[in-house]
Amino acid sequence: MPTPDPGPRGTDRWQHVARAAGLLDADGTVRPTIFAEMSALAARTGALNLGQGFPDVDGPASVARAAADAIAAGANQYPPGPGIPALREAIAAHQERRYGLCPDPDSEVLVTAGATEALAATVLALAGPGDEVLTLEPFYDAYAAVIAMAGATHTTAPLRATPDGFRLDAQALAAAFTDRTRLVLLNTPHNPTGAVLTREELAVVADLATRHDALVVTDEVYEHLVLDADRAHVPIATLPGMAERTLTVSSAGKTFSFTGWKIGWVSGPAALVDAVRTVKQFLTYVSGAPFQPAVAFALQDEGVAAWVEGLVASLAHRRDLLCEGLTAAGFTVARPQGTYFVLADAAPLGFDDGARFCRELPALAGVVGVPVGAFTHTGSAADDALRSWVRFTFVKREEVLVEAVARLQALRR
């Protein structure tokens, strides 16, 4: 795994971040992200875009009306820096109702511009040069960039493909911890693999974090999108001794299918939230004034809760549709337990390079995916193991997925 250079300064700093995000060519040119490249390819070729994970239908009409009502009522200027009280109270009530966690809405909850800002502010606040931030691999691509911005070193432990989907490798995780591990940046349900970590797997993380005196930052944006009845989302903060060393991040975008609203939050011990707030106030300062009361409504309304249950059932059906279609087309598929995504191995189709396969897939079958290499460190064990794998999203209308599955059958011919 590459080690970041220790101290880029001045104009070299942006190159350091771009390199960490895998966007810097050998000649110093910053290329577009693979997501932008694949979306442009879909638009240019007319291929169905199963690369980017955002819904193609909106969330509950009642929540949209709540936002419109807030605009009409004048919620159009800066909201309070930590977020409006009604939203912070709704977040705290949600944590208690769902998980038995009881954050103080005044000192232990902070509203952010989506989960990405919450994660960025947290890493910038709590890690720096000389520190290591440990993530599972593959990892959401923004993690590498923000760790580089903080000047910390990004270390990883691989998730392994198994007949039960992707699972934690406890031995590799233990080997990845060092005395410099400052933060464990955990993601469950996990993007891109769709793994929902079990209580037993989380206990391994908790034990190692405690023994190494590391803080845990847990990205739980897909917390409500667990697709199997025999699985459950378990916040690591609910494990013994973990509440005092865990910051929990989530957002409204995935749960309510309003990804463009960018309303997220972080909750946890007051001293840690205070540190995050100190950084966050110099990033966006505040955001989403009329969306905050709408999300407060969404977190508490029984009708919206029923809508989310329907979304989960629909996503489970669409997941199965896509997984079965990918298998029929010749892929090896790791069935996800949650999120919007499924990973499929193109090696049985004769492709050992996922990036090359994705660039050729629109011509081969009229579909776009994203190579899993976009979520790994070049040359790492996970990168080698997943070189031929591709991420597809199933958070599209059923008729789009039916057509995509039909097109993918061309790969067998």
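None of these values were measured; they are calculated from a predicted model.

Here we come to the sheet that holds strand β3 (residues 132–137). Pairing in this open sheet of eight strands is mixed, and the strands run β2-β9-β8-β7-β6-β3-β4-β5 from one edge to the other. Unpaired on one side and paired on the other, β2 (109–112) and β5 (165–168) mark the two borders of the sheet. Pairs of neighbouring strands in the sheet enclose a mean axial angle of 25°, with direction left out of account. Of the pairings in the sheet, the one linking strand β4 (residues 153–162) to β5 comprises four bridges and is antiparallel in character. If you follow T162 over to β5, its bridge partner there is G165. With respect to the sheet, helix α4 (residues 85–99) is in contact with β2, β8 (246–251) and β9 (264–267), its orientation differing from that of β2 by roughly 120°.

What follows concerns helix α2 (residues 34–45). Over its twelve residues, α2 extends 16 Å from the first C-alpha to the last, a length consistent with the 16 Å expected when each residue adds 1.5 Å. All buried positions along α2 are accounted for by I34, F35, M38, S39, L41 and A42. Along the long axis of α2, the arc covered by the buried residues comes to 155°, so they all point the same way. More than 90 degrees from the buried face of α2, the exposed residues found are A43 and R44. Where α2 is buried, its residues touch β1 (48–49), α6 (141–150), α13 (354–365), β12 (367–368), β13 (370–371) and β14 (389–393). Positive backbone phi, approximately 80°, marks G46, located one or two places after α2.

This paragraph deals with the packing of helix α12 (residues 302–329) against helix α15 (residues 398–408). Each packed pair of helices is defined by two parameters, the angle between the axes and the distance between the axes. Between α12 and α15, whose axes approach to 9 Å, the crossing angle comes to 10°. Taken together, the axes of α12 and α15 are roughly parallel relative to one another. The segment α12 lies against α15, with H317, R318, L321, L322, G325, L326 and A329 engaging E398, L401, V402, V405 and L408. Split into classes, the residues belonging to the contact of α12 with α15 amount to eight nonpolar, two polar and two charged.

Here four strands make up an open sheet; going across it, the order is β10-β11-β14-β13 and the pairing antiparallel. In this open sheet, the two strands that pair with only one neighbour each are β10 (332–334) and β13.

Right, let's talk about the packing of aromatic side chains for a bit. Tallied over the entire structure, the rule returns twelve aromatic pairs. The interplanar angle of 10° and the centroid separation of 4.2 Å between the aromatic rings of F258 and W261 together place this pair among those described as stacked. Each member of the pair, F258 as well as W261, is classed as buried. Each ring, one from F331 and one from F392, has its centre 5.8 Å from the other, and the planes form 80°; the classification is edge-to-face. You can see F331 sitting in the loop between α12 and β10 and its partner F392 sitting in strand β14, a full 61 residues away along the chain.

Those residues of α13 that fall on the buried side of the exposure criterion are G354, F357, C358, L361, P362 and A365. Buried residues along α13 cover an arc of 145° about the axis, so they all sit on one side. Structurally, α13 contributes buried residues whose contacts are with α2, β12, β13, β14 and α15. Phi for G366, located one or two positions after α13, is positive at around 70°.

What follows concerns the packing of helix α3 (residues 61–72) against helix α11 (residues 291–300). Packing of α3 against α11 brings their axes to within 8 Å, and their N-to-C directions diverge by 145°. Like other packed secondary-structure pairs, α3 and α11 cross with a definite hand, here right-handed. In contact with S62, V63, A66, A67 and A70 of α3, α11 contributes F291, P293, A294, F297 and A298. Among the residues making up the contact of α3 with α11, the classes are represented as nine nonpolar, one polar and no charged.

When the UniProt feature table is mapped onto this chain, "domain: Aminotransferase class I/classII large" (unreviewed entry) is found at residues 48–407. With 42% helix and 18% strand, the stretch residues 48–407 has end C-alpha atoms that lie 9 Å from each other.

Here the structure, examined in full by the defined rule, presents zero disulfides. In this model C323 remains outside any disulfide bridge; the closest cysteine sulfur is found in C358, 16 Å from its own. On the basis of relative accessibility, which here comes to 0%, the residue C358 falls in the buried class.

Moving on to the side chain of T255. Mapping T255 onto the fold places it in helix α9 (residues 253–256). With near-sequence residues (within four places) excluded, T255 lies in contact with V221, H224, W307, V308 and L311.

Each domain of the protein chain was delimited in the assignment, giving domain 1 (13–58 + 306–410) and domain 2 (62–301). Computed over C-alpha atoms only, the centres of domain 1 and domain 2 are separated by 24 Å. With 37 residues of domain 1 in contact, the opposing surface of domain 2 contributes 41 residues. Each partner contributes to the roughly 3100 Å² buried at the junction of domain 1 and domain 2, and carbon and sulfur atoms together form 64% of this total. Connecting domain 1 to domain 2 are two salt bridges. R335 serves as the salt-bridge partner of D228, at 3.3 Å between the closest nitrogen and oxygen. Counting residues per element, the ones that place at least two in the side of domain 1 that touches domain 2 are α1 (12–20), α12, β11 (341–345) and β14.

Calculation rules
Residues numbered from 1 in each chain as written. Predicted model: local features only at pLDDT ≥ 70, side-chain atom pairs only at ≥ 80, totals over all residues. Heavy atoms only, no water. Pairing = 2+ DSSP bridges. Helix = DSSP H or I, 4+ residues; strand = E, 2+ residues; numbered from the N terminus. Axes fitted to C-alpha atoms, helices over the stretch in contact; angles between N-to-C directions. Contact = heavy atoms within 4.5 Å. Expected span 1.5 Å × (residues − 1). Buried < 20%, exposed > 50% of the residue type's maximum accessible area, 1.4 Å probe, protein only. Arc of directions from axis to C-beta. Parallel < 35°, antiparallel > 145°, perpendicular 65-115°, else oblique. Nonpolar A, V, L, I, M, F, W, Y, C, P; charged D, E, K, R; others polar. Phe/Tyr/Trp six-rings, centres within 6.5 Å; stacked < 30°, edge-to-face > 60°. Left-handed = near helix turned anticlockwise from the far one by under 90°. UniProt positions renumbered as here; feature names shortened; annotations may be inferred. Disulfide = S-S within 2.5 Å. Domains from an automatic or database assignment. Buried area = accessible area lost by both parts, 1.4 Å probe. Salt bridge = Lys/Arg side-chain N within 4 Å of Asp/Glu carboxyl O.

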